[in-house]
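Spelled out from the first residue to the last, the chains are:
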Amino acid sequence: MAALGWLTPRRRSATARSVLAGEASAEAARKSTQEAAGTTEEPQFPVHGDDRAAAFFDLDNTVMQGAALFHFGRGLYKRKFFETRELAKFAWQQAWFRLAGVEDPEHMQEARDSALSIVQGHRVAELQSIGEEIYDEYMAERIWPGTRALAQAHLDAGQKVWLVTAAPVEIATVIARRLGLTGALGTVAESIDGVYTGKLVGEPLHGPAKAEAVRALAAAEGLDLGRCAAYSDSHNDIPMLSLVGHPYAINPDSKLRKHARELDWRLRDYRTGRKAAKVGIPAAAGVGAVAGGTAAAIALHRRRR
């Protein structure tokens, strides 16, 4: 792992090629030092056969480009659940999220309130069925292959993998199932006799609530959080990331990137090459992401055929 790539700031004049050359040189020097000292490489991760370890993945901008709730809104609009004016608001919030790369709490709250009012009176089974269709229409092509490859590595090691998201649990469960993951933790909307009431059970699964959900699931599953991994793009998920022994910052916002650097957390960026160079993705990780991501994309394509 090219561990030095993101620890030191670079001058803005550095090109992507010079960044790559510098990181390759640093990695070669590190390996040479280890060999001279008789030390070994980092142990393989995830550890195969470790049934007390698991992985927890944030969804929006970590596993998938953009916000699942906004994509779901587009699908509901197509099915005439609401009017054009509300779609315009969804589109603006989604565009802001994609460009800024961070969540706006006011936007997210508005989106949740809109979604609750839209689904009120509809049957849970109806929304679950529609969720399957919307995944194929708007979400499948927005899965980050690199993050998908990371999740698959945990599955291949015999570990369980959960999505942990503020998105409605019905949407999260559809996405988890379609990706072959273990399951999902998400925001629960109240329903009576299988019909949505337009209210939440508790609060959105966001920030500290995610950490509490992971902690509760780990206790129920007999997991050792020190051996688990968590992945997120947002500083709002620092409580969840801090719970585990292997935290990863994926496509991080500026606050999470700064925090990750300070604590020497692993970092991956699967956005455009220009963005990855700005963030300072380690060269080896970038190559591995392309190779692993390509394999994951092919596997997903075959599974959907």
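Anyway, here's the lowdown on the structure attached to this text. Predicted model, so just to flag it, every value in this text is computed and none were measured. (Residues numbered from 1 in each chain as written. Predicted model: local features only at pLDDT ≥ 70, side-chain atom pairs only at ≥ 80, totals over all residues. Heavy atoms only, no water.)

Turning our eyes to something else, we now look at unusual backbone geometry. Its identity as a non-glycine residue notwithstanding, asparagine 61 has a phi of 70 degrees, on the positive side. With respect to the secondary-structure elements, asparagine 61 resides in the loop between strand 1 (54-57) and helix 2 (68-78). Residue asparagine 61 is classed as buried on the basis of its relative accessible area of 6%. Positioned with a positive phi, asparagine 251 is a non-glycine residue whose angle comes to about 45 degrees. Along the polypeptide, asparagine 251 turns up in the loop between strand 7 (246-250) and helix 10 (254-263). (Helix = DSSP H or I, 4+ residues; strand = E, 2+ residues; numbered from the N terminus. Buried < 20%, exposed > 50% of the residue type's maximum accessible area, 1.4 Å probe, protein only.)

What follows deals with the packing of aromatic side chains. Taken as a whole and assessed by the stated rule, the structure comprises 4 aromatic pairs. Between the aromatic rings of phenylalanine 57 and tyrosine 231, the centroid separation amounts to 4.1 Å while the plane-to-plane angle is 5 degrees, which identifies the pairing as stacked. One end of the pair, phenylalanine 57, is in strand 1; the other, tyrosine 231, is in strand 6 (residues 229-232), with 174 residues separating them in the sequence. Exposure remark for tyrosine 231: the relative accessible area of 1% places this residue in the buried category. By the ring-pair criterion, three or more aromatic residues cluster together here, those being Phe45, Phe57, Tyr231 and Tyr248. Note that arginine 266 overlies the ring of phenylalanine 45, its terminal NZ or CZ placed 5.9 Å from the centroid. (Phe/Tyr/Trp six-rings, centres within 6.5 Å; stacked < 30°, edge-to-face > 60°. Lys NZ or Arg CZ within 6 Å of the ring centre and 35° of its normal.)

Take the pairing of strand 6 next. Going residue by residue along strand 6, you find Ala229 and Tyr231 tucked away on one face and Ala230 and Ser232 tucked away on the opposite face as well. Examined bridge by bridge, strand 1 and strand 6 share 3 bridges and lie parallel to one another. In the strand pairing of strand 6, alanine 55 is matched with alanine 229. Of the strand pairs in this sheet, strand 6 and strand 7 are connected by 4 bridges, and their pairing is parallel. Following the sheet pairing, alanine 230 is matched in strand 7 by proline 247. You can see the chain leave strand 6, run along helix 9 (residues 238-243) and come back into strand 7, and the turn it takes is right-handed. (Pairing = 2+ DSSP bridges. Right-handed = clockwise from strand over helix to strand, strands pointing away.)

This part takes up the nonpolar core. For soluble globular proteins, the rule of thumb is that nonpolar side chains tend to be buried together. Of all hydrophobic cores here, the largest spans 42 residues; its most connected members are Phe57, Leu76, Met139, Leu163 and Ile175. The greatest single-element share of this core, amounting to 7 residues, is contributed by helix 5 (residues 124-139). Leave out the neighbours within four places in its chain, and leucine 76 touches Phe81, Phe82, Ile118, Val119, Leu127, Ile130 and Ile134. Core analysis: the next-biggest nonpolar cluster, separate from the first, contains 25 residues, Ala209, Ala213, Leu217 and Ala249 among them. (Core = buried A, V, L, I, M, F, W, Y, C linked by side-chain atoms within 4.5 Å. Contact = heavy atoms within 4.5 Å.)

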